[in-house]
Structures are given as structure tokens and as C-alpha cells.
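Read off the chains here:
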Amino acid sequence: MEDLPLRDDLRGSEPYGAPQLPDGIQLNVNENSFGVPIEVQNEISQEITKTLASLHRYPDREFLKLREMLAGYVPGDVSKEQVWAANGSNEVLQQFHQAFGGPGRLVLSFGPTYSMYPVIAKSTLTEYLELPRQEGYELSAEYVSSAIEKHKPDIVILCNPNNPTGTSIGQEVVKAAYESTDGMVLVDEAYAEFSAEPSAISMLENRPRLVISRTMSKAFAFAGVRLGYMVSDPAVVDAMRLVRLPYHLSALTQAASIAAIRNSDLMLSNVKEISRERERVALGLISLGLKVLPSESNFLLVEGFADPRAVFDYLLKNGLIIRKTTIAGALRITIGTPAENDKLLELMPKALQSLD
Ligand SMILES: *Cc1c(COP(=O)(O)O)cnc(C)c1O
């Protein structure tokens, strides 16, 4: 690659690359380990079968049926004109930056936060600024407002609940951010279904620069399909149309997603159990002397490791993968099925002992 006439700003960069362990216990990328219920698998196959005879045609470019289904699924009174979707919320974020970021523009976020934000900013030539969160990785309305007034970003990203800390912000923070800028405010609610906090979707009225991005990759157990979406004022959706590639959502993706959303109750049936398991795993880890942050998502940020890398390696050698973080002494652990969590709780004391 070094020999290629690559863009100067991409020289020396590394691709996003969470390690994968397809045959092991995967508690590293916040998927829903319970998988798609078999009844829904059957419906998805029927819905996909219906598309086969017309696969020689381009799909519905505006994916109206899917947008209508998503509008019905999200909380509140939302119309299909307010919904947009793409191949994962990562693509939603990228299109959003293509439309509202770009050269000479600044995106502000509060870290530690989702590691893809700087990557997307970079590939869209948007300047990226990540300010530190406050004590306990919290964010107050005053802190966010003064940061925005000082740096005057064109885009503010608030991840709620935040990855990798699991912490939530209240609506007053979103409100304060919105009132402090003439730019766009994006709330990334990838983990919303796990949170007791109300969605910022309820704040959309009279806030045409507010955007909520969501995904079917996490609670919905649909990471393999790649379906993310956003809810906003219809004008923001029109802006996304300017930058999307034509027919970006395949007919197969649309069909599978429609069948899944039609069965959202079944798809989300494990969310409560995952939250209960989260508390069980947290207690187990605390009893080992580790510090576990309160979480409103399907993962835990665990601090207090003398050597997180060695713990990560020990677990990996034993067929279980978790996630390293940029936070000193910390690892991020996705909540899996009860059996997977048992395995984690069985291996963790051994991993800690192996360091002594
Ligand atoms: C996992 C995650 C996403 C989702 O990405 P997809 O492209 O929809 O799979 C978005 N934002 C955050 C904060 C995440 O953790």
C-alpha cells in the first residue's frame, strides 16, 4: 500500500479492525448473543423468497415500506418521511458527515466514545475534536454547552448510552447542546432498547437540526444484515439523499429487515434477560475486586485491571473474546447468554490469578 499514490491524509492509518473469533464465545462487539428466534428466521426466509423473482431489478430506491415499518417501530408519532436507513448506522453516520461535515467543518464529541467517529470524520475530510467526559464519564448540560460555545462545531455527536462506558445522559444535555449551536446535533442511540431513559426521538418537534441514529445490530440481534437508521426532520432525510449511492439498500436487506421489524416483540424478547444478566455479571466481577461502571446497555466497562492486555490474552487463549479499550486499566465486556456469562465468570478469576 505504501507504494500506491494514496491520499496523503490516509497514509499510515489503520483500518477499523476489532479482532474476530468466529468459533469462540464472542463478547467483544456488543452483538445480541441470543440470535434471531427461529420463528422469525422462517418469516425472513419467506420474505426474501418473495424478492427472488425480481432480483434482476434494482430495489426500491426510497425503501418506502421499510421506512414506514421503522417509523411505526420507534417510540412516538413518527412518519416515514422522517426516517432514513443505510447499511448499518455507520453508513448513516458517514452519509450524515458527507452532507453536513466535510472540508473546513468540525465535528465535536465527548470521549472516551465510539471509536468509529474519528474514522468517519477522517474519511469525509471533517475535522474531529474529542473532548474528555467529566468525572465518572458523565456529561452535564453546562459542560456540553460551554464546550460547544468555545469550539463552535458544525456537528455535535452525543452517544447515548455511550460506548464504551455504558453511561447515559439526560434529555437536558441534548437540549442544552441543541440550544448552544446552529449546527447539527446527532444523538447515537445504538443501545437505546437497553436503556430506561426516554429516546431523544421525543424531542424532535421544533428541532429541525436534531438527528437520532439507531441500529438493528445490537438489541435487534441483526448485526449480520447491516441495517441502521435515523429519525429526524424530513429535510435532513432530503439532505441524505444528495449523498447516498443510488439503490444503496439491497432488496434482500429490505426484505429481511421488514420481516424482523414486523416481529419486533420476538426480536427484542431477550432484552430484559440481557439486562438482568448484566447485573449478575457486574456483581460477579465486583466480587473479584474489579470496578464496574453502571450501564444502560448490553455491555459493561470494567476497570481496575493491573494488566488488561494479559487478561484479554488469557481469555482469548481460552476461547472467549472481549474488547480492549483506550481507557487505562479497563476492558469492555458484552453481556452474552447465561452460559456464555457463566464461562466469563469462571475464567475471569483464573485470568486474574495468572497475572500473579
Ligand atoms: C455498534 C454501534 C453502532 C452500530 O453500528 P452498525 O453500523 O449499525 O452496526 C453505532 N454506534 C455505536 C455507538 C455503536 O456502539
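A brief structural summary.

Another point: the overall build of the protein chain. Within the protein chain, the regular secondary structure consists of 12 helices and 13 strands. For 356 residues, the compact-globule formula gives about 21 Å, and the C-alpha radius of gyration of the protein chain, at 21 Å, lands near that figure. In terms of its C-alpha atoms, the protein chain occupies a principal-axis envelope of roughly 60 × 55 × 50 Å. For the protein chain, the residues scored as buried account for 54% of the 356 residues in total. Within the protein chain, contacts between residues separated by at least 24 positions form 73% of all contacts whose residues are at least 6 apart in sequence. Side chains of the protein chain carry 34 positive and 45 negative charges; the gap between the two charge centres is 3 Å.

Near the ligand lie 14 residues; those nearest to it are Ser89, Tyr191, Thr215, Ser217 and Lys218. Ser89 is positioned with one of its backbone polar atoms (N or O) 2.6 Å from an oxygen atom of the ligand. Note that an oxygen atom of the ligand is positioned 2.6 Å from one of the side-chain N or O atoms of Ser217. Taking 390 Å² as the accessible area of the ligand by itself, protein coverage stands at 94%.

A few words on the environment of Thr334. The residue Thr334 is located in strand S13 (residues 331-334) in this model. Residue classification places Thr334 among the buried positions, given a relative accessible area of 1%. In the structure, Thr334 is positioned 302 residues away from Asn32 in sequence and 8.6 Å away in space, judged by C-alpha atoms. Once you skip the residues sitting within four places of it in the chain, Thr334 turns out to touch Leu27, Asn28, Val29, Asn30, Glu31, Asn298 and Phe299. There is a polar contact of 2.7 Å between the side chain of Thr334 and the side chain of Asn30.

For sheets, the rule is that strands pair by backbone hydrogen bonds, running either parallel or antiparallel. Strand order in the open sheet formed by seven strands is S2-S8-S7-S6-S5-S3-S4, with mixed pairing between adjacent strands. Of all the strands in the sheet, the pair left with one neighbour each is strand S2 (83-86) and strand S4 (127-132). Here the average twist between neighbouring strands, direction ignored, is 25°. Both strand S7 (residues 210-215) and strand S8 (residues 228-232) contribute to a ladder of five bridges, which runs antiparallel.

What helix H6 (residues 171-179) keeps buried is the set Val173, Val174, Ala176, Ala177 and Tyr178. Among the structural elements, helix H5 (141-151), strand S5 (155-159), strand S6 (184-188) and S7 are those in contact with the buried residues of H6.

Before going further, it helps to examine the nonpolar core. Counting 104 residues, the largest nonpolar core has Leu315 and Met348 as the members making the most contacts within it. Of the residues that make up this core, three or more belong to each of domain 1 (8-34 + 270-354) and domain 2 (38-265). Once residues within four sequence positions are removed from consideration, Leu315 is found in contact with Leu320, Ile322, Leu344, Leu347, Met348 and Ala351. Ranked by size, the runner-up nonpolar core spans five residues in total, among them Tyr137, Leu293, Leu301 and Ala330.

Viewed as axis vectors pointing N to C, helix H10 (residues 271-286) and helix H12 (residues 338-353) meet at an angle of 10°, and their least axial separation amounts to 11 Å. When the interaxial angle is binned, H10 and H12 end up roughly parallel. Taking contact as the criterion, the partners of Glu273, Glu277, Arg280, Val281, Gly284 and Leu285 in H10 are, on H12, Pro338, Asn341, Asp342, Leu344, Leu345 and Met348. When its residues are assigned to classes, the contact of H10 with H12 shows six nonpolar, two polar and four charged.

Moving on: the pairing of S13. By the alternation rule, side chains of S13 split into Leu331 and Ile333 and Arg332 and Thr334, which are all buried. One ladder, built from four bridges, connects strand S10 (residues 299-303) with S13; its direction is antiparallel. Within the sheet, the bridge partner assigned to Leu300 lies in S13 and is Ile333. Two elements, strand S12 (residues 323-324) and S13, share two bridges in a ladder whose sense is antiparallel. Among the inter-strand pairings, Arg323 is bridged to a residue of S13, identified as Arg332. Hairpin connection from S12 to S13: six residues lie between these consecutive antiparallel strands, with Gly329 at a positive phi of about 70°.

Criteria and thresholds
Along each chain, residue indices are assigned from 1 in the same order as the chain's sequence is written. Given that this is a predicted model, residues contribute local features only at a pLDDT of at least 70 and side-chain atom pairs are listed and counted only at 80 or more, while totals for whole chains, interfaces and linings are drawn from all residues. Processing note: side-chain calculations cover all non-hydrogen atoms of the structure and skip hydrogens and water entirely. Numbering of helices and strands starts at the N terminus; helices are DSSP runs of H or I of at least 4 residues and strands are runs of E of at least 2. Here the globule rule is a power law, 2.2 Å times the number of residues to the power 0.38, and the radius of gyration is based on C-alpha atoms. Only protein chains enter the accessibility calculation, which uses a 1.4 Å probe. A residue is then buried if its area is under 20% of the maximum for its type, exposed if over 50%, and partly exposed in between. When checking whether two residues touch, look at their non-hydrogen atoms; a contact exists if any pair is within 4.5 Å. His is not counted, nor are the chain ends; Lys and Arg add positive charge and Asp and Glu add negative charge. Charged groups are reduced to one reference atom each: NZ for lysine, CZ for arginine, CG for aspartic acid, CD for glutamic acid. The near set for a molecule or strand comprises every residue that places at least one heavy atom within 4 Å of it. Distance and chemistry together define a polar contact, namely a pair of N or O atoms within 3.5 Å, with one atom able to donate a hydrogen and the other to accept it when in protein, and with adjacent residues in sequence counting only for side-chain atoms on both sides. Computed with a 1.4 Å probe, the accessible areas rest on the Shrake-Rupley method; for each residue, only the protein chains presented here act as cover. Here the rule is simple: two strands pair whenever DSSP picks up at least two bridges between them. To get an axis, fit a line to the C-alpha atoms, keeping to the stretch in contact for a helix; angles then go from 0 to 180 degrees between the N-to-C directions. Among buried residues, those of type Ala, Val, Leu, Ile, Met, Phe, Trp, Tyr and Cys that are joined through side-chain atoms within 4.5 Å constitute a nonpolar core. Per the annotation, domain bounds derive from an automatic or database assignment of domains. Relative orientations are named as follows: roughly parallel for angles under 35 degrees, roughly antiparallel for angles over 145 degrees, roughly perpendicular for angles from 65 to 115 degrees, and oblique for any other angle. Residues are sorted three ways: Asp, Glu, Lys and Arg are charged, Ala, Val, Leu, Ile, Met, Phe, Trp, Tyr, Cys and Pro are nonpolar, and all the rest, Gly among them, are polar.

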